[in-house]
Amino acid sequence: MRLIEKVFNPTGKKHVGTLIFFHGSGDSGNGLVEWNRFLLGRNLEFPHIKVIVPTAPVQPYTPAGGENSNVWFNRKRIEMDAPEIRTSLASIYDTVNEMLLREMAQGIPANRIIVGGFSMGGALSLHTAYHLNRDLLGVFAISSFLNTGSIVYDSLECVTAEEKIPELLMFHGEKDELVPIEWGQTTFNELTKLGVRGKFVPHRSAYHEIKKDQLEQVIEWVNKLIPEPREDTPPEPERSVPATKKKGKL
């Protein structure tokens, strides 16, 4: 399924990486683009990185009384201990995988793709980077969590010692009442126990929202992982994948 996407092509001459930014439940790609623009005073753009901001499909959402909403997947309820609806996750896995394959077909290897998101979009990013395709370069999540017993944890238990997995950057507001910071911190702790390297950044004044300084830190982190190339610098070769590497499935 091809999603509606807002795309910001690199403003410079070279396209050497891609960032996919997933919005939260009930929002849209346009909504997230406008939010980012309000915070930054400009579009979220890079000289050398394409930015893709897709809109989630419309589907019934149980926490909203079964009403249709733009959501990446369905949930039984917004609680950490609620079991995942894995059939719903499988559908969006297929869609996200199509996006990744499309970027790779255009010459951007998986190890130069970063995924991230806000709230449910951050959860989808964690599923994408640690279950669907661990060849990705990095993942960020703002005000997000994984359910207890998530399939992501099951997938990471299969990681081999020589496997390099995506770097993680998580943010969470200490005043978040919809997704308590304890859920985000627990998620981060469980991921690090399974070999994920990264950073968890609490925000003293943030509710369930994106703050300007969080977005600025994301931009700095993305530029660190995918630096702007000099004119005489050849692109980095794609990272080799061990033959024993496993990809996540349902």
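Summarised in this report is the structure supplied together with it. Remember, predicted model here, so these are calculated numbers, not experimental data.

1. Observations regarding helix α5 (residues 181–193)
Okay, step 1: For α5, which comprises 13 residues, the first-to-last C-alpha distance of 18 Å matches the rise-based estimate of 18 Å (1.5 Å per residue) to within 8%.
Okay, step 2: Looking only at α5, the buried set comprises Ile181, Trp183, Gly184, Thr187, Phe188 and Leu191. The buried residues of α5 all sit within an arc of 160 degrees when viewed along its axis, so they share a single face. Counted as exposed and oriented over 90 degrees from the buried face of α5: Glu182 and Lys193.
Okay, step 3: Gly195 lies just past α5 and shows a positive phi near 100 degrees.

2. Section: the pairing of strand β9 (residues 198–203)
Okay, step 1: Pairing geometry for strand β8 (residues 167–173) and β9, over six bridges, is parallel. Bridge pairing links Gly173 to His203 in β9.
Okay, step 2: Read as a crossover between parallel neighbours, the route from β8 over α5 to β9 is right-handed.

3. A few points about the sheet that holds strand β7 (residues 138–142)
Two modes of strand pairing occur in sheets, parallel and antiparallel, and in both the strands are linked by backbone hydrogen bonds.
Okay, step 1: If you trace the seven strands from one edge of the open sheet to the other, you get β1-β3-β2-β6-β7-β8-β9, paired in mixed fashion. Each of the sheet's edge strands pairs with one partner strand only, and the pair in question is β1 (5–8) and β9. Strand-to-strand, the axes of this sheet are offset by a mean angle of 15 degrees, without reference to chain direction.
Okay, step 2: Relative to strand β3 (residues 49–54), strand β2 (residues 17–22) runs parallel, the two being bridged by four bridges. Pairing of Ile20 across the sheet is with Ile52, part of β3.
Okay, step 3: Packed on one face of the sheet, α5 meets β8 and β9 and runs near 165 degrees to β8.
Okay, step 4: Running over the sheet, helix α6 (residues 212–225) touches β2, β3, β6 (113–118), β7, β8 and β9 and is turned about 175 degrees from β8.

4. Looking at α6
In an α-helix, one turn spans 3.6 residues, which is why side chains three or four residues apart end up on the same side.
Okay, step 1: Spanning 14 residues, α6 covers 20 Å between terminal C-alpha atoms, matching the ideal 20 Å at 1.5 Å per step.
Okay, step 2: Buried residues of α6: Gln214, Leu215, Val218, Ile219, Trp221, Val222 and Leu225, and no others. The arc enclosing the buried residues of α6, seen along the axis, measures out at 165 degrees, which places them on a common side. Exposed residues lying more than 90 degrees from the buried face of α6 are Glu220 and Lys224.

5. Regarding the nonpolar core
Okay, step 1: Ile20, Trp72, Leu126, Tyr130, Leu168 and Leu191 are the most contacted members of the largest nonpolar core, which totals 42 residues.
Okay, step 2: Secondary structure elements with two or more residues in this core: β2, α2 (86–105), β6, α3 (120–132), β7, α4 (151–156), β8 and α5.
Okay, step 3: Of all the elements, α3 adds the most residues to this core, at seven residues.
Okay, step 4: Sequence-distant contacts of Trp72, that is, excluding residues within four places in its chain, are made with Leu3, Phe22, His23, Pro54, Thr55, Ala56, Pro57, Gln59, Ile92, Met120, Gly121 and Leu124.
Okay, step 5: By size, the runner-up hydrophobic cluster in this structure holds 29 residues, among which are Leu40, Ile49, Val53 and Val222.

6. Observations regarding the environment of Thr192
Okay, step 1: Along the polypeptide, Thr192 turns up in helix α5.
Okay, step 2: A polar contact is formed between the side chain of Thr192 and the backbone oxygen of Asn189, at a distance of 2.8 Å.

7. Side note on the packing of aromatic side chains
Okay, step 1: Evaluation of the coordinates by the stated rule reveals six aromatic pairs.
Okay, step 2: Ring plane angle 80 degrees and centroid distance 5.2 Å describe the contact between Trp35 and Phe118, whose orientation is recorded as edge-to-face. You can see Trp35 sitting in helix α1 (residues 29–40) and its partner Phe118 sitting in strand β6, a full 83 residues away along the chain.
Okay, step 3: Measuring from ring centre to ring centre gives 6.3 Å for Phe140 and Trp221, while their planes differ by 85 degrees; the resulting arrangement is edge-to-face. Linking Phe140 in strand β7 with Trp221 in helix α6, this pair joins segments that are 81 residues apart in sequence.
Okay, step 4: Here a set of aromatic residues connected by ring pairs shows up, and it is made of Phe21, Phe140 and Trp221.

About the criteria used
- Residues numbered from 1 in each chain as written.
- Predicted model: local features only at pLDDT ≥ 70, side-chain atom pairs only at ≥ 80, totals over all residues.
- Heavy atoms only, no water.
- Helix = DSSP H or I, 4+ residues; strand = E, 2+ residues; numbered from the N terminus.
- Expected span 1.5 Å × (residues − 1).
- Buried < 20%, exposed > 50% of the residue type's maximum accessible area, 1.4 Å probe, protein only.
- Arc of directions from axis to C-beta.
- Pairing = 2+ DSSP bridges.
- Right-handed = clockwise from strand over helix to strand, strands pointing away.
- Axes fitted to C-alpha atoms, helices over the stretch in contact; angles between N-to-C directions.
- Contact = heavy atoms within 4.5 Å.
- Core = buried A, V, L, I, M, F, W, Y, C linked by side-chain atoms within 4.5 Å.
- Polar contact = N/O pair within 3.5 Å; in protein donor to acceptor, adjacent residues only side chain to side chain.
- Phe/Tyr/Trp six-rings, centres within 6.5 Å; stacked < 30°, edge-to-face > 60°.

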